Amino acid sequence: MNTVGHVFFANLLLVFGAPSAVSPTTLIITSIASIITDLDHISHLRVAMKTRRFKSETRSRWHELPGLLLAMSISLTIMFFSATVGRLFLIGFVSHYTLDLLTRPTRPFYPLSEKVVFLGLAPRNLKKLTAYDTIITVIMGVILIAGLHGQGLLSI
Amino acid sequence: MRVYMAKAFSAFRLALKPMLTRFPLLKRIDANMISGLSLVCSPIAYLLISERAILASIITLFIIMLLDALDGIVARAKGETNSEDGWMVDVSVDRISEAVIGLALSRIFILFTIINMGLALLSCRYRKHAIIPLRHATIVILIAYYLLQSQSAIFSLLDQILFQW
């Protein structure tokens, strides 16, 4: 999923799952946590500009289950000092892996196995995938705006 | 109990096979897609648990478990016998699903999710399947939480296990 989609999905989980914790600061923390996993894509930017997509090979071990294991362990450790901040990080991290597994071919057990897993819920054709991503992102954006409006954080 | 469940599964598989040949639409459904649908239901379960809609969350968790069981049955009925591929899809979807559901639960559940994820990686490394049935345990505790609301001592203990610890 694209970066905006990741931010929207993480914040959706926050706004509807933990409405008491919602504030501009918590929204920013969740947003950062939801896109931090994509940092390993930076070294593959040049190739991705040409092919217009990040392939599953560009995902390092920190973008798969070992990465989620580490991210969840860090979040749990933070939770013992600040339950809210830890949970915000957890929502951001988990939402990223969920959305990626749902919409992209991934190698969940990399580096233990190179096997690519694709659930077939999103198209593989680049044009169709871009349209699919855009529609899902817009839908999530609309729901998020409605949620924030309901919380009184955003006036339309 | 295990024998009865295995018998029930094989009967279901046998019943499903003629259905797959009769309805071409069912044949088009991919086993991985069913696993994906179970993952799509996980954020719904998380939101319902967060809202303390216990009965609705129990039903959603049952649907997730049903879809989880169904993907393997469909794969076998369609003759897709590459067990390693199926295992990877199944285990990765299950672990992420547990992580999503765990977002609404206490730290003890998150700890068990982390342990389970470690076990999944070790299972892949050593080719031996060893997993804690965390979602099953969550359903059992949620059912107890729902049924024992009148008994305050047990209810508060379950509340602590589920949401406070």
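Definitions and cut-offs
Residues numbered from 1 in each chain as written. Chains lettered and ligands numbered in written order. Predicted model: local features only at pLDDT ≥ 70, side-chain atom pairs only at ≥ 80, totals over all residues. Helix = DSSP H or I, 4+ residues; strand = E, 2+ residues; numbered from the N terminus. Buried ≥ 20, exposed ≤ 12 C-beta atoms within 10 Å, placed from the backbone. Contact = placed C-beta atoms within 7 Å. Nonpolar A, V, L, I, M, F, W, Y, C, P; charged D, E, K, R; others polar. pLDDT = per-residue confidence, 0-100.

Chemist: Sorry if this is basic, but what is going on with the overall build of chain B here?
Modeler: Within chain B, the regular secondary structure consists of eight helices and zero strands. Secondary structure elements of chain B, listed N to C terminal, follow the sequence α-α-α-α-α-α-α-α. Counting over 165 residues, chain B shows a buried share of 37%. Nonlocal contacts in chain B, meaning residues at least 24 apart in sequence, comprise 61% of its contacts between residues at least 6 apart.

Chemist: Explanation requested: unusual backbone geometry in the structure shown.
Modeler: Most peptide bonds take the trans configuration, and most residues that are not glycine carry a negative phi. In this model, Tyr110(A) is joined to Pro111(A) through a cis peptide bond whose omega is 5°. Position of Pro111(A) relative to the elements: it lies in the loop between helix 5 (83-103) and helix 6 (126-151). Phi angles above zero are rare outside glycine, and Arg52(B) is one such case at about 60°. In this fold, Arg52(B) is placed in the loop between helix 3 (31-50) and helix 4 (54-77). Unlike most non-glycine residues, Arg127(B) shows phi in positive territory, near 55°. For Arg127(B), the location among the structural elements is in the loop between helix 6 (107-126) and helix 7 (134-147).

Chemist: Explain the interface of chain B and chain A here, please?
Modeler: Note: interface size is frequently given as the accessible area lost on complex formation between the parts. Between chain B and chain A, the contact holds 33 residues from the first and 29 residues from the second. The set of elements that each furnish at least two residues to the side of chain B that touches chain A consists of helix 3, helix 5 (83-102) and helix 6 of chain B. Counting residues per element, the side of chain B that touches chain A draws most heavily on helix 6 of chain B, which supplies 11 residues. Partitioning the side of chain B that touches chain A into residue classes produces 21 nonpolar, seven polar and five charged.

Chemist: Mind showing me how you'd approach the confidence of the model for chain B here?
Modeler: Caution is warranted with low-pLDDT regions, since their predicted coordinates should not be read in detail. Residue and element names in this part refer to chain B. Of the residues in chain B, 82% have a pLDDT of 70 or more, and the chain-wide mean is 84. Ranking the helices and strands of chain B by mean pLDDT puts helix 3 first, with 92, and helix 1 (residues 2-22) last, with 63. In the model output, the complex is listed with pTM 0.87 alongside ipTM 0.89.

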